Each structure stands twice: as structure tokens, then as C-alpha cells.
Amino acid sequence: MFIEDLKILNKTNKYFITNKESTLVINVTEQNLELMRFLEEIDMHDILQKIYIGQEILLSNWNKADYMTEDGKYIICMPFIDVEKIHKLNCRDNSKRDIVIDIVTMKENSEKIKEILKENVNIIELDTWIEELRKSKYLNNLL
């Protein structure tokens, strides 16, 4: 779902919850369209290895997260706002309320994600990591 202003995601429209596996909300900009193409070409695990230096990144044992660190921190990869994933996090059972969750997203989405989520999570902004990866891919292509 493409929108031009993230402010349209609000409590009045219940943050566009639909009953699909994944519903991405993407601010329509040239940079985001380019980012979508770029993200198709890369392995998010490689970026996570750079973010979580010195930690092993494992597949998650919890169905609401994509990965986890060896010390039990859960990682949700969400470069764009995924209202389905956020809804599932808001509906999680009390036994998982005390776990540490990192959401890896673009800077433009971080405030909206914090607004929608009922619980506190750590937001890790991808912008710097994506830019570094773009530069290294560009340099490798020149060689």
C-alpha cells in the first residue's frame, strides 16, 4: 500500500489493519521506490551481522520475529511499516511481554511505529547501514 503522508495512519482508521500475511505501508518517494529495488537484491542477515557485531544472528524461535540474537533479543525486520506485524506485536500474549524486541526500520518510519505499538521496543534505524552497503556495492561494481 503506497501513501504520500504517514499521518494518514492513525487510530481513526485503526492503522489499516487487514487480514493478510503482510501489509506494507510505504511512503511514495523516489528514494523509497529505489530502496524497494535495492532491498530485493540484498540479504538482510548480512546487514544484521554488521549491526549486531560480535553476536550470532539466529532464526527466531518466536513466530512474531524474524531473527534473534544468541542472548535472546528478538529482531523484527521492517524497512517499511508492516501493519500486520505491528498488529501481531500488539496482540501478543502476556508471557512474551518482558522480552527485548528490536525493530529494524528506516528512520522515516520510527516515530509512526512507536505511535502504533502499545509496548516499548528498541528501534534501530537502517538508513546508515543501507547507505554503507550501497556504497560498498557501488565500489565493488567499479572494480
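Here the structure is shown first, and the text comes after it.
Owing to the predicted nature of the structure, the values given are computational and were not obtained by experimental measurement. (Residues numbered from 1 in each chain as written. Predicted model: local features only at pLDDT ≥ 70, side-chain atom pairs only at ≥ 80, totals over all residues. Heavy atoms only, no water.)

Participant: Got a minute to help me understand the side chain of Ser 110 in this structure?
Facilitator: Checked against the element boundaries, Ser 110 lands in helix α4 (residues 107-116). Of the residues examined, Ser 110 reaches a relative accessible area of 5% and is grouped as buried. In this view, Ser 110 contacts Thr 105, Ile 123 and Glu 125; residues no more than four positions away in its chain are not counted. (Helix = DSSP H or I, 4+ residues; strand = E, 2+ residues; numbered from the N terminus. Buried < 20%, exposed > 50% of the residue type's maximum accessible area, 1.4 Å probe, protein only. Contact = heavy atoms within 4.5 Å.)

Participant: What am I meant to see in the sheet that holds strand β7 (residues 101-105) here?
Facilitator: In sheet architecture, strand pairing relies on hydrogen bonds along the backbone and comes in two forms, parallel and antiparallel. Judged by pairing direction, the sheet is mixed, and its five strands sit side by side in the order β3-β4-β5-β7-β8 without closing on themselves. This sheet does not close on itself; its edge strands, each paired only once, are β3 (57-59) and β8 (122-125). Within the sheet, the average angular offset between the axes of one strand and its neighbour, ignoring direction, is 30°. Sheet analysis places β7 next to β8, joined by four bridges and oriented parallel. By the bridge assignment for β8, Asp 102 is matched with Asn 122. (Pairing = 2+ DSSP bridges. Axes fitted to C-alpha atoms, helices over the stretch in contact; angles between N-to-C directions.)

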